Amino acid sequence: MGRGRLRIYLGAAPGVGKTYAMLSEAHRRVERGTDCVVAFVEHHNRPRTEVMLHGLEQVPRRELEYRGTVFSEMDVDAVLARRPQVALVDELAHTNVPGSRNDKRWQDVEELLAAGIDVVSTVNIQHLESLGDVVESITGVRQRETVPDEVVRRADQIELVDMSPQALRRRMAHGNIYKSDKVDAALSNYFRPGNLTALRELALLWVADRVDEYLTEYRTDHRVSKIWGSRERIVVGLTGGPEGRTLIRRAARLAEKGAGGEVMAVYIARSDGLTSASPKELAVQRTLAEDLGGTFHHVIGEDVPAALLEFARGVNATQIVLGVSRRKGWQYVFGPGVGATVARESGPHLDVHLITHGEAGKGRGLPAGRGTRLGRSRLIWGWLVGVLGPVALTLLLNTVDLGLANDMLLFLTATVAAALLGGLYPALASAAFGSLLLNYYYTPPIHRLTIADPQNIVAIVIFLGVAVSVASVVDLAARRTQLAARLRAESEILSFLAGSVLRGENSLEALLERVRETFGMESVALLERESDVDPWTCAGSVGPSPCVRPEYADVDMPVGDHMALALSGRVLPASDRRVLAAFAAQAAVVLDRQRLQHEAGQAKELAEGNRIRTALLAAVSHDLRTPLAGIKAAVSSLRSDDVAWSEEDQAELLEGIEDGADRLDHLVGNLLDMSRLQTGTVSPLIREIDLDEVVPMALGGVPEGSVGLDIPETLPMVVVDPGLLERGVANLVENAVKYSPSDEPVLVSASTLADRVELRVVDRGPGVPDEAKDRIFEPFQRHGDAPRGAGVGLGLAVARGFAEAMGGTLDAEDTPGGGLTMVLTLRSAGAGRAPTDSEDTATVVS
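Residues numbered from 1 in each chain as written. Predicted model: local features only at pLDDT ≥ 70, side-chain atom pairs only at ≥ 80, totals over all residues. Heavy atoms only, no water.

**Some words on the sheet that holds strand β8 (residues 157–161)**
What counts here: Whether two strands pair comes down to DSSP finding at least two bridges between them. Strands here mean DSSP runs of E at least two residues long; helices mean DSSP runs of H or I at least four residues long; both are numbered from the N terminus. When checking whether two residues touch, look at their non-hydrogen atoms; a contact exists if any pair is within 4.5 Å. Axes here refer to lines fitted to C-alpha atoms; in helices the fit is confined to the stretch in contact. Angles between the N-to-C directions go from 0 to 180 degrees.
The six strands lie next to each other as β3-β2-β6-β7-β1-β8, forming an open sheet whose pairing is parallel. If you trace the sheet from one side to the other, it starts and ends with β3 (57–58) and β8, each paired once. Its contacts with the sheet put helix α1 (residues 18–31) on β1 (6–11), β2 (36–40), β6 (86–89), β7 (118–124) and β8, and the angle it makes with β1 is roughly 145 degrees. Its contacts with the sheet place helix α4 (residues 105–114) against β1, β2, β6 and β7, and it is angled at close to 180 degrees to β6.

**Some thoughts on the environment of P627**
Along the chain, the position of P627 falls in helix α19 (residues 577–639). P627 sits 32 residues away from D659 along the chain, and the two C-alpha atoms are 8.3 Å apart.

**A closer look at unusual backbone geometry**
Selection rule: Here's how the labels work: a residue is buried when its accessible area is under 20% of the maximum for its type, exposed when over 50%, partly exposed in between, all with a 1.4 Å probe on protein chains only.
A positive phi is found at R67, a non-glycine position, where the angle reads about 55 degrees. Along the chain, R67 falls in the loop between β4 (62–66) and β5 (69–73). Owing to a relative accessible area of 75%, R67 belongs among the exposed residues under this scheme. Although it is not a glycine, S545 adopts a positive phi angle of roughly 50 degrees. Note that S545 resides in the loop between β15 (537–542) and β16 (555–558).

**Side note on helix α16 (residues 424–441)**
Here is the rule we go by: Each helix should span, by expectation, one fewer than its residue count multiplied by 1.5 Å.
Given a rise of 1.5 Å per residue, 18 residues ought to cover 26 Å, and the 26 Å separating the end C-alpha atoms of α16 matches this to within 8%. Residues of α16 that are buried include every one of P426, A427, S430, A431, G434, S435, L437, L438 and N439, and no others.

**Some thoughts on the confidence of the model for the protein chain**
Spelled out, the test is: The predictor's confidence in any single residue is recorded as pLDDT, a number from 0 to 100.
The predicted model of the protein chain averages 78 in pLDDT, with 78% of residues at 70 or higher. Under a pLDDT of 50 for its full length, residues 272–276 has, in the predicted model, 20 contacts with residues more than four places off or in other chains. Between residues 831–846, whose pLDDT stays under 50, and residues either more than four places distant or in other chains, the model counts 38 contacts.

**So, the nonpolar core**
This is how the line gets drawn: The set of buried Ala, Val, Leu, Ile, Met, Phe, Trp, Tyr and Cys residues whose side-chain atoms join them within 4.5 Å is what this entry labels a nonpolar core.
L88, L92, L112, V147 and W206 are the most contacted members of the largest nonpolar core, which has 62 residues in total. With six residues, helix α9 (residues 193–221) is the single largest residue contributor to this core. When residues no more than four places from it in sequence are discounted, the contact partners of L112 are M74, V76, V79, L80, A87, V89, I117 and V119. Within the second largest apolar cluster, 41 residues are counted, among which are A698, A750, V761 and L826.

Quick look at the structure:
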């Protein structure tokens with residue numbers, strides 16, 4: 001009998017529904033008539049999972065006693081004796097109780113598979129052996145129960161059971177995963193949104209790698225040639241044709257094969273006139289590249305392969321993606337094409353991918369060379385036809401007598417062909433050479449350069465006139481085509497500049513980098529000065545060794561009276577300066593916009609300072625005067641000789657004075673702390689200290705019994721300023737006690753998370769909506785209907801300021817069941833302690 005098949009349901013965390021999905025699959029198979037039994041499934045007292053076990057045959061478990069406790073494990077012998085078609089085995093990474101047949105459950109599964117029994121199992125991503133260190137760095141919990149990666153990789157089917165972190169936390173809060181007494185601890189530690197998101201990413205990436213392995217195996221078995229993707233920078237060469245979208249998507253898929261992949265789509269605008277780029281198509285491809293997370297670049301270059309390679313090397317690319325040429329087969333006589341040229345000249349460190357597409361071989365214009373309007377190949381063919389054509393015709397006509405009229409028509413045909421291929425000068429050479437051959441060989445007197453019949457003179461003159469006219473028309477068409485192409489390229493670049501203005505792009509360096517790559521320069525600098533006699537200063541630059549003065553540059557473009565764009569690398573033709581002037585004007589606008597934004601930021605800071613000063617005056621005018629008035633009234637009453645106060649009355653007045661003084665001290669302390677934070681004069685004295693030395697001291701200002709502490713002695717020391725930490729915690733606790741019901745004490749607990757320590761202040765008050773969670777940390781903010789006497793709204797702002805000054809963070813979260821939890825995260829002095837067996841079990845069992 002052959003080996004059984006293994007199917008695994010893989011999840012990112014406990015509670016995502018792996019066991020439920022496995023049982024659902026079992027019911028489907030039973031309905032199809034498959035002999036399916038439950039070898040071992042643990043429902044963990046989850047009602048919905050327990051219900052799914054109804055209607056399925058369960059193989060009795062084996063009872064084992066260990067250290068005075070009886071445990072139940074899967075009975076491998078009973079399953080082998082039953083020999084079902086399919087066996088359900090939950091928790092593949094489980095460690096069996098000592099005395100079991102095997103140490104690990106995955107070893108039990110291997111026995112079932114070897115016996116020809118199909119197995120359906122479950123496992124969480126954190127239990128894979130190779131990911132142990134990664135999971136510990138994320139969650140702070142070391143997984144003791146692991147399964148070798150190879151066991152899972154050998155599975156015939158792997159199905160990912162996915163659930164968003166928010167949905168999983170809701171399931172946890174509703175009590176669908178753990179018992180209610182463990183929900184708060186789980187949500188505060190292992191089931192934090194960040195942990196769940198990171199674990200989910202690990203699961204998705206691991207499954208994606210497994211899919212790649214399946215695909216590689218398939219291609220190998222079927223001898224399909226494969227292209228290995230790179231995790232580096234990929235340049236996509238675009239021609240403006242419809243195949244560009246295919247190339248961009250293919251490059252994006254290559255980049256997605258690994259982290260850090262970057263796609264850069266580049267269009268080389270040719271200035272020789274022969275281009276079939278559609279501005280509308282280029283706009284569509286630009287949008288597609290940006291939607292897929294890439295960038296679009298527009299570069300002007302005479303030689304397309306050289307410009308593309310220069311751009312790729314300039315951005316440190318390691319791959320180039322090009323489309324198979326759209327030229328027809330006979331057009332390759334004019335040259336190898338851009339793709340072949342780039343592949344030949346790319347060198348050993350730059351891979352070139354030629355991608356097939358639907359437009360391959362459907363035809364396109366003739367290739368253009370460098371330095372001529374019609375292209376080097378056309379010019380060469382034009383001269384060949386213009387010089388060798390008349391000679392070939394002469395040799396042919398010497399063997400056949402067609403008459404002078406037909407001879408002249410044939411020579412005229414050769415001249416027109418030379419004009420169509422090579423333009424004016426090859427046509428003129430063909431006309432002159434052809435007229436000499438006509439005169440010498442076919443115009444009486446024969447073999448002499450004289451003409452006896454005047455009609456023959458008129459015929460030769462007409463021949464020359466027609467040849468020159470056709471050549472002039474072809475040359476004019478080439479000039480117009482070149483001009484149209486340049487204007488099109490300029491309009492595309494100007495359209496990009498206009499688009500950047502509309503999009504509000506304010507990066508001067510990005511614009512200067514665009515200038516550098518567009519014109520193929522080594523460096524670009526924007527220089528300015530206050531007046532004609534002041535020295536030049538650099539407002540922004542890109543590239544090595546930018547120019548410090550306009551006269552040192554290869555190209556300088558003035559912008560107004562006291563600003564210039566300086567480029568070094570090569571001298572630009574005059575035709576390019578118009579586009580450069582647009583770039584220079586845009587650079588000046590971007591610089592002005594940046595400065596205006598900076599000034600606006602300063603104005604906002606001044607306005608914020610004025611707002612705070614106004615709030616301080618309001619606080620002084622009311623919140624500080626109120627306790628002062630109470631103190632003064634109590635003191636005046638005690639000093640009055642008109643009333644004989646009893647001892648009880650005197651004690652009450654003195655208590656009022658003490659309360660007012662404490663309130664004044666608290667308010668003044670917060671005001672001073674806020675002013676220190678606003679002026680940036682807080683200088684924390686960082687040292688290592690235990691939380692249980694600081695936190696109890698911060699509870700002196702709250703009523704006795706209103707706060708519960710849970711600070712384990714095994715916590716690592718934290719790196720903080722004890723004074724700042726004490727004031728910050730005191731503000732958090734006082735705020736929590738203020739809003740929490742009197743019969744619900746505030747809980748202050750601490751735990752480790754990787755290399756951090758979290759201090760959580762949990763209240764059961766009305767809570768704060770999500771949109772207001774950040775606003776409550778702003779100065780002079782009091783949420784909801786807080787009474788005026790509740791303070792000036794500085795406590796949380798001061799607490800967050802102190803936390804950030806010590807290198808920590810302070811955030812607000814919802815308390816499961818209602819309320820607000822303040823999470824203060826601090827740096828620990830060393831590695832966190834290892835979780836206990838009970839903690840590990842509570843967080844990893846699914």
